[in-house]
Amino acid sequence: MDETNSVIATTSSISTTRRQRKRRSKVTRACDACKLKKKACTGNVPCAPCLRFNTACTYNSSYSRGAALPPPSSHQNHSPYVPTTPLDSPVHQTPLSILRPSDSPSPQVSQEPNPVTDVVGQYCGPASTHSFLGRAVQKFSNTSRHSITTQPDVDASTSPSIFSHGDRRVPAVDQSLFHWPDIMIARDLVRRYFEFASPTYRILHQATVDSWVDAFYSQESPSCPLPAATQSALLMVFATAVMFRVDSNGRLRDADEEGWRHSEIYFTMAEQRLSYEAGAPTLRSVQSRFLMVLYFLCSSRANRAWFTFGTMVQLMMCLGLHRKQSVSEWATPDHIVLECQKRIFWCAYTLDKYLSLILGRPRLLQDEDVDQELPTAVNDDDLKAMESRPQPTKDCVMNAPILHSLLSRILARAAKEQYALHSMGDAQQIEAIRSLSEDITEWKNRLPPILSGAIQPSSLIPIFRRQLTVLQLALFHATMFVTRPLLLRNYAKDLPECEGLYQHYLTACVMAARNTVQLILSFVKDDQLFPSFWYSQYIAFNALSAIYIYFIQVKRGRIPACSSWSSLDLDKGTLYELAETTQQHLAQATVRNAPSWRYSAILEGLRCEVNRVLDSESDDHQPSSSRAQSTRNNETMAEEMLSPHIPGPEYGAQKMDIALPEFNFPDTRAESLFESFALDNDPSLNFWPQLDCLPFIPI
């Protein structure tokens with residue numbers, strides 16, 4: 001009897017303890033981070049969410065519910081959220097990102113994450129949508145393979161500058177290895193730059209650059225006659241050109257490791273030359289820094305590109321290049337200089353719009369401050385210094401930069417109207433999409449035949465072929481950018497009269513994404529998807545995310561499917577296969593370019609979520625053994641996606657053993673971004689700008 005009473009008492013004690021643990025203590029004051037994110041806070045210092053995400057836990061915001069008592073320490077709060085390990089233990093002193101493999105828990109210990117409730121009433125365990133992005137990133141970061149480069153990595157103990165924090169870290173180069181190339185190589189690099197490496201950002205005049213080379217290598221001038229900024233611009237031309245190499249068949253290919261090392265050496269010396277610049281800023285000061293911005297983007301250093309671009313814009317404003325009558329116009333009638341001033345401004349204007357979208361930061365050049373004329377559509381050979389005003393010529397290489405600038409104006413308007421801080425109503429949103437789409441159609445109708453796709457690309461010279469593909473990508477991106485709000489929710493649900501417009505522009509969005517992945521795969525087929533093509537990678541990321549989110553939204557019943565799949569010339573299964581194949585090649589192209597490599601991590605999370613949604617639909621119709629096999633198949637497919645591929649003869653691919661870079665992914669922001677999907681709410685339009693800049697958020 002006593003034994004029975006003891007068991008009953010023990011059971012009662014355990015039940016009481018469990019009830020006490022389940023009962024949540026009332027928290028009257030949340031920390032600043034939880035209050036900002038509107039998340040559940042444990043009310044101590046540090047609170048559980050701040051501990052988990054390793055963020056500062058402060059209570060500095062105003063408190064109006066009585067006396068603001070200091071929050072208790074986490075040691076005094078026995079909430080189940082707080083880990084039992086003391087904060088001064090080695091576990092909390094060692095960040096997770098620098099743990100060695102030997103520091104990881106024993107393989108016998110289960111690594112399955114515990115279900116937690118970050119959003120009140122919402123399950124956020126290992127099977128939830130809330131954490132699908134983190135699972136993909138964990139799989140990427142745990143992958144261990146041989147490196148594709150033989151260069152030693154940068155010392156992890158050195159902290160990067162605040163201007164390059166979050167960028168790809170490049171091994172230091174030995175400046176003693178620098179030497180100016182032979183004159184024949186220098187001329188070949190200049191020709192390669194103008195014929196291939198600068199399709200729409202054409203800020204230089206080719207004959208002028210050739211004169212720099214002649215002056216520098218002249219036997220009559222043993223000392224360098226070129227100013228520091230001019231030397232820097234010339235070195236940046238070399239640095240950009242050697243990113244590509246010519247193979248035995250005369251075709252341009254991605255540079256090998258030696259080529260990339262020489263490119264970095266040229267850039268380092270160009271930067272050194274700029275440090276010697278003194279006196280008033282000149283046009284060359286702006287041109288050399290613009291070339292550096294493009295170089296940073298090509299080498300996956302977007303944050304440093306942003307800060308350098310800001311300096312360049314200030315110099316450009318100082319010279320008055322944004323106004324029709326610039327400061328230097330009064331000093332010289334040189335038409336080459338005047339045209340180069342227009343070129344550098346409008347190329348900067350175009351790049352400003354894309355940098356703003358990629359990084360999620362405000363535009364630096366505003367239309368109300370600009371009245372500069374567009375450049376004249378004239379080839380460099382027809383542009384003379386002291387002759388009369390140049391006249392436009394047909395089939396000119398300057399047509400593409402001008403058209404790219406005009407399209408960027410539409411992008412700027414779309415970003416200002418559709419993604420403003422103050423949201424517009426449903427009817428206004430549909431009207432804005434219609435108006436912007438008409439502007440894009442009008443822009444498309446202005447394309448000359450050589451840039452419209454009417455002429456077979458293979459019959460074009462290399463520069464026109466490159467310009468054609470850049471403008472095609474720009475067109476597809478603009479179409480997706482304007483119409484992708486329709487992927488977030490069904491605007492026609494409350495506006496039946498707009499059902500036709502909604503279906504038309506929803507189909508246009510999916511078609512633009514389809515056309516993008518097909519164009520990217522054509523690059524793969526021709527072995528032309530270069531790692532330095534940051535623009536192609538960004539637009540491919542936009543297209544793939546649009547396709548995956550379309551599938552997710554349709555399967556959840558949030559938006560209707562495209563009314564006529566026959567208009568897309570392919571079925572849904574083929575579209576999904578195209579997206580998967582493109583994602584594989586994008587992972588290969590960005591493997592050395594962290595943080596743009598994060599494109600693959602985010603896309604892998606979206607792809608796995610598509611599979612999860614598809615599997616959840618068929619769970620009720622499958623026996624348990626089939627569901628288990630389906631889960632294993634999805635896991636196998638995910639592991640295969642983590643192995644980058646190299647292009648085969650067509651769209652096929654074979655595996656390649658490659659080491660993917662490791663990084664800390666901004667889990668808290670990703671979690672907040674995809675919270676609307678977990679809560680089955682309609683995401684706000686702010687979802688898209690946040691998704692665009694997520695790969696480049698400094699960590």
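Residues numbered from 1 in each chain as written. Predicted model: local features only at pLDDT ≥ 70, side-chain atom pairs only at ≥ 80, totals over all residues. Heavy atoms only, no water.

With an unreviewed UniProt entry as reference, the protein is termed Zn(2)-C6 fungal-type domain-containing protein, source organism Aspergillus wentii DTO 134E9. What the UniProt record of the protein gives under Subcellular location (unreviewed entry) is the line "Nucleus". (UniProt positions renumbered as here; feature names shortened; annotations may be inferred.)

Draft legend 1. Broad picture of the layout of surface pockets. What the second largest pocket holds in volume is close to 1100 Å³. Taken together, 44 residues make up the lining of the second largest pocket; nearest its centre are Phe196, Arg466, Thr469, Gln528 and Phe533. When residues in the lining of the second largest pocket are grouped by element, the largest group, 8 residues, is from helix H16 (residues 462-483). Here the residues of the lining of the second largest pocket sort into 23 nonpolar, 13 polar and 8 charged. (1 Å grid on protein atoms, 1.4 Å probe; cavity = no way out; pocket = protein on both sides within 12 Å on 5 of 7 lines; lining within 4 Å. Points joined across faces, edges and corners; volume = space filled by probe spheres on them. Helix = DSSP H or I, 4+ residues; strand = E, 2+ residues; numbered from the N terminus. Nonpolar A, V, L, I, M, F, W, Y, C, P; charged D, E, K, R; others polar.)

Draft legend 2. Highlighting the UniProt feature "transmembrane region" (unreviewed entry) in the protein. The sites that UniProt annotates as "transmembrane region" (unreviewed entry) are residues 533-551. Counted over residues 533-551, helix gives 95% and strand 0%. Its end C-alpha atoms are 28 Å apart.

Draft legend 3. Structural detail: the UniProt feature "domain: Zn(2)-C6 fungal-type" (unreviewed entry) in the protein. Residues given the UniProt feature "domain: Zn(2)-C6 fungal-type" (unreviewed entry) here are residues 30-59. With 40% helix and 0% strand, residues 30-59 has end C-alpha atoms that lie 8 Å from one another.

Draft legend 4. Focus on a nonpolar patch on the surface. A cluster of nonpolar residues, Ile162, Phe163 and Phe307, forms a patch on the protein surface that exposes about 320 Å² of accessible area. According to the relative accessible area criterion, Ile162 is exposed, its value standing at 68%. (Patch = residues over 30% accessible without salt bridge, like charges linked within 9 Å, V, L, I, M, F, W, Y side chains within 5 Å. Areas by Shrake-Rupley, 256 points an atom, 1.4 Å probe, with all protein chains shown as cover. Salt bridge = Lys/Arg side-chain N within 4 Å of Asp/Glu carboxyl O. Buried < 20%, exposed > 50% of the residue type's maximum accessible area, 1.4 Å probe, protein only.)

Draft legend 5. Quick peek at the side chain of Ser536. As for its position among the elements, Ser536 is in helix H18 (residues 534-555). Using a relative accessible area of 5% as the deciding quantity, one classes Ser536 as buried. Dropping the residues within four chain positions of it, Ser536 is found in contact with Leu473, Ile520 and Phe523. (Contact = heavy atoms within 4.5 Å.)

Draft legend 6. View of the packing of aromatic side chains. With the rule as written, the count across this model stands at 23 aromatic pairs. Three or more aromatic residues joined by ring pairs form one cluster here, namely Phe178, Trp180, Phe216, Tyr217, Phe238 and Tyr266. The cationic tip of Arg301 hangs over the ring face of Phe267; the distance from NZ or CZ to the ring centre is 5.6 Å. Cation over ring: Arg466 sits above Phe196, and NZ or CZ is 4.8 Å from the ring centre. (Phe/Tyr/Trp six-rings, centres within 6.5 Å; stacked < 30°, edge-to-face > 60°. Lys NZ or Arg CZ within 6 Å of the ring centre and 35° of its normal.)

Draft legend 7. Summary view of the packing of helix H6 (residues 183-197) against helix H7 (residues 206-216). Packing of H6 against H7 leaves a shortest axis separation of 10 Å and a crossing angle of 165 degrees. Put simply, H6 runs roughly antiparallel to H7. The hand of the H6/H7 crossing is right-handed. Packed against H6, whose contacting residues are Ile183, Ala186, Arg187, Val190 and Phe194, the element H7 presents Gln206, Val209, Asp210, Val213 and Asp214 at the interface. (Axes fitted to C-alpha atoms, helices over the stretch in contact; angles between N-to-C directions. Parallel < 35°, antiparallel > 145°, perpendicular 65-115°, else oblique. Left-handed = near helix turned anticlockwise from the far one by under 90°.)

Draft legend 8. Layout of the environment of Tyr266. Mapped onto the elements of the fold, Tyr266 is located in helix H9 (residues 257-275). Considering only alpha carbons, one finds Tyr266 and Trp180, 86 residues apart in sequence, at a separation of 8.9 Å. Non-local contacts of Tyr266, meaning those with residues more than four positions away in its chain, are made with Phe178, His179, Pro181, Leu235, Phe238, Ala239 and Val242.

Draft legend 9. How the structure looks around the environment of Leu486. Checked against the element boundaries, Leu486 lands in the loop between H16 and helix H17 (499-525). Relative accessible area serves as the criterion here: at 0%, Leu486 is assigned to the buried category. As a C-alpha pair, Leu486 and Thr507 span 21 residues in sequence and 9.8 Å in three-dimensional space. The contact partners of Leu486, leaving out residues within four places of it in the chain, are Ile430, Ile433, Tyr491, Tyr502, Tyr505, Leu506 and Ile559.

Draft legend 10. Broad picture of the pattern of salt bridges. For the structure on display, the rule yields 22 salt bridges. With a closest N to O distance of 2.3 Å, Arg434 and Glu431 form a salt bridge. Within this pair, Arg434 and its partner Glu431 are both found in helix H14 (residues 426-445), separated by 3 residues, close to a single helical turn. Taking the shortest distance from any N to any O, the salt bridge between Glu580 and Arg607 comes out at 3.0 Å. With Glu580 in helix H19 (residues 572-589) and Arg607 in helix H20 (residues 598-618), the pair connects residues that are 27 residues apart, well separated along the chain. Across the pair, Arg607 and Glu580 agree in class, each one buried. Among the charged side chains, a salt-bridge network with shared partners connects Asp188, Arg191 and Arg192.

Draft legend 11. Focus on unusual backbone geometry. The peptide bond linking Val45 to Pro46 adopts the cis configuration, its omega dihedral lying at -10 degrees. Even without being glycine, Ser300 reaches a positive phi, approximately 60 degrees. The topology assignment puts Ser300 in the loop between helix H10 (283-298) and helix H11 (302-318).

Draft legend 12. Region of interest: the packing of helix H8 (residues 228-241) against H9. Look at H8 against H9: their axes get within 8 Å of each other, and the N-to-C directions meet at 165 degrees. Between H8 and H9, the angle falls in the class roughly antiparallel. The hand of the H8/H9 crossing is left-handed. On the side of H8, the interface is formed by Ala228, Ala229, Gln231, Ser232, Leu235, Met236, Phe238 and Ala239, while H9 contributes Ser263, Tyr266, Phe267, Met269, Ala270, Arg273 and Leu274. Here the contact of H8 with H9 is composed, by residue class, of 11 nonpolar, 3 polar and 1 charged.

Draft legend 13. View of the nonpolar core. Within the largest apolar cluster, 171 residues are counted, with the highest numbers of intra-cluster contacts made by Leu204, Phe238, Phe290, Met316, Leu351, Trp443 and Trp534. At 15 residues, H18 tops the list of elements feeding residues into this core. Of the residues that make up this core, three or more belong to each of domain 2 (163-387) and domain 3 (394-615 + 667-674 + 686-698). Contact partners of Phe290, with chain neighbours within four places excluded, come to Tyr201, Ile203, Met312, Ile344, Cys347, Ala348 and Leu351. Counting 7 residues, the second-largest nonpolar core is a separate cluster that includes Cys31, Cys41, Cys50 and Cys57. (Core = buried A, V, L, I, M, F, W, Y, C linked by side-chain atoms within 4.5 Å. Domains from an automatic or database assignment.)

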